[in-house]
Amino acid sequence: MARQIAERLKPCPDLRVKAWTSRRERGVAVWLEGLVDPDRLQEALVSLRERGCEGQASENPGVPSEEVRTITAAVRAVLDGYAVIARDGASGARAWRLSAAPARSVERSENEPTLHGPQEAFIESLAVNLAMVRKRLKSPRLKIETFTVGETAPCDIAVLYEAGLAKPHLVREVRRRISQIRVDYVADSNEVREFINDPRFSVFPTTEETERPDRVVAGLMEGRVAIIADGSPTCLMVPVTFAMNLSSPEDYYMHYSLALPLRLLRHLMFWSAVLLPALYVALVTYNQDLLPTPLLVSVAAQHAGIPFPTIIEALGMMTAFEALREAGTRLPRAVGQSVSIVGTLVIGDAAVRAGLVSPGMVIIVSATGVASFTLPALGLVQAARLLQFPFVLAAGLFGLYGVLMLGMALLGRMASLRSFGVPYFAPIAPTFIRDMKDVIVRAPWWMMQGRPRQFESVERERVPQDAAPAPKKTTWWRWRP
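Residues numbered from 1 in each chain as written. Predicted model: local features only at pLDDT ≥ 70, side-chain atom pairs only at ≥ 80, totals over all residues. Heavy atoms only, no water.

In this model helix α12 (residues 359-373) runs 21 Å from its N-terminal to its C-terminal C-alpha over 15 residues, within 8% of the 21 Å that 1.5 Å per residue would give. Turning to α12, its buried residues number three or more, namely G360, M361, V362, I364, V365, T368, G369, A371 and S372. (Helix = DSSP H or I, 4+ residues; strand = E, 2+ residues; numbered from the N terminus. Expected span 1.5 Å × (residues − 1). Buried < 20%, exposed > 50% of the residue type's maximum accessible area, 1.4 Å probe, protein only.)

Next up, the structure:
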């Protein structure tokens, strides 16, 4: 078997083959250097040589192992970081789990930072990510199903759900969509997301992407399903609604009275990021009569010497701002922040002094960029950045009528979206009064005893009915010292 594995993998300079001999049998060990811990392998081989029971030496070396019967399975085990132990004359072999693949340690979340609450984030190891979920959700009903996707380079994809909470039809639908994926290689969870999405051509994220284990556990306890791909530091949660993309993990680690204004601010900032440049272009170009006279005089004075129409001015500034933001993201962190800050200040000031753009346009574009930075979901940020441009074009061509018509079309499109059968605007449209406690506001925990009905979870209540009753609350007017 060792010779056949070498034939499949050659040329392969990191392939290692070592013979071993016990008291009554002998064979070879095959592994890839760098993927197997050499110290653990040496200890296992020493234990293997010392065992004298015939037929058991390669089966119980003191480390986790599994049986492989075909050459294809043996090659897959070697590539996964296993050490394959084959006995002379045997038809099969054993794969020892001695993996020591290079991986970074568990660190703080960079895309979803919080001041309160857990700080751990997923890494690129599927086993570590599953262990982080298990550590937080110590439930015997947590089920994990593994799928192998990829024809040339297979990749393991884990599906997590809480049995008895997740809707059975939802679990079956997730299984069906993942099993229908046909690719040669899965590089990241984004590829899985594009294959299982409901609307194939929507800019709005219909799957939640997170790198925080605590957020995954919270979703599982709501009756949702998590999807984790090996080699990806992010997890997909389905289904998802529009309101969930505007909630931050920190909303649940602070007092509910503080989360209320922040939720309202994010809702306002999303629509500001989409509509603010378009409204400015429409008011300056077509609908000047809606502006107060002092403001109209000030805006007209600013645009007196500008050689470009307002729509060209807006599109140019928005494109320049997006280019600076992209440059700040792609450059090294120490240089990228300087480029984005200095570029925004210097280029904006130079453009105003040169008479190419008006100061008001610089303020509007900057305010739009700041508004998009307040959104916690990266997919929603990208959707807002993309929707700015068609709204500006509609405002430059038709004024406020164009903004209104395009806005109605956008709302209609969003209302028609589904995420694994759940309406994207739920619980607003359709309306679930009980679920409104965690949409615009975040109600106190003692008021959110029911799970979201929009996900149709099997158990509707968070506390079982047969549990001991909670102590009655003492109202302030009945309290006595």
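Text resumes after the structure shown.
What follows deals with the confidence of the model for the protein. Of the residues in the protein, 91% reach a pLDDT of 70 or more, and the chain-wide mean stands at 85. Per-residue pLDDT stays below 50 along residues 52-57; that stretch engages in 11 contacts with residues further than four places along the chain or on separate chains. Considering only residues more than four positions removed or in separate chains, one finds that residues 476-481, a stretch of pLDDT under 50, has 1 contact. (pLDDT = per-residue confidence, 0-100. Contact = heavy atoms within 4.5 Å.)

Another point: the pairing of strand β7 (residues 155-162). The buried fraction of β7 amounts to 7 of the 8 residues, a majority that puts the element mostly inside the structure. Of the strand pairs in this sheet, strand β6 (residues 142-149) and β7 are connected by 8 bridges, and their pairing is antiparallel. When the bridges of β7 are listed, T146 appears paired with A158. Connecting β6 to the antiparallel partner β7 that follows it, the hairpin turn spans 5 residues, and G150 within it adopts a positive phi of roughly 125°. Of the pairings in the sheet, the one linking β7 to strand β9 (residues 225-229) comprises 4 bridges and is antiparallel in character. (Pairing = 2+ DSSP bridges.)

Considering soluble globular proteins, one finds that nonpolar side chains tend to be buried as a cluster. If you look at the biggest cluster of nonpolar residues, it comprises 42 residues, and the most contacted ones within it are F204, F242, F270, L375, L380, F391 and V392. Those residues in contact with V392 that lie beyond four places of it in its chain are P277, A278, V281, I311, A314, L315 and M318. One finds Y161, I178, I196 and L236 within the second-largest nonpolar core, a separate group that totals 22 residues. (Core = buried A, V, L, I, M, F, W, Y, C linked by side-chain atoms within 4.5 Å.)

Take the environment of P199 next. Examined against the element boundaries, P199 turns out to sit in the loop between α6 (189-196) and β8 (208-210). Owing to a relative accessible area of 13%, P199 belongs among the buried residues under this scheme. Distance in space between the C-alpha atoms of P199 and S419 is 8.3 Å, their sequence separation being 220 residues. Excluding its chain neighbours within four sequence positions, the residues that come into contact with P199 are T206, R413, L417 and R418.

Further remarks concern the sheet that holds strand β4 (residues 83-87). As summarised here, the arrangement of the 5 strands in space is β1-β2-β4-β5-β3, forming an open sheet in which the pairing is antiparallel. Every other strand in the sheet has two partners, leaving β1 (15-21) and β3 (65-68) as the edge strands with one partner each. Averaged over all pairs of adjacent strands, the angle between strand axes in this sheet comes to 25°, irrespective of strand direction. Pairing geometry for strand β2 (residues 26-32) and β4, over 4 bridges, is antiparallel. (Axes fitted to C-alpha atoms, helices over the stretch in contact; angles between N-to-C directions.)

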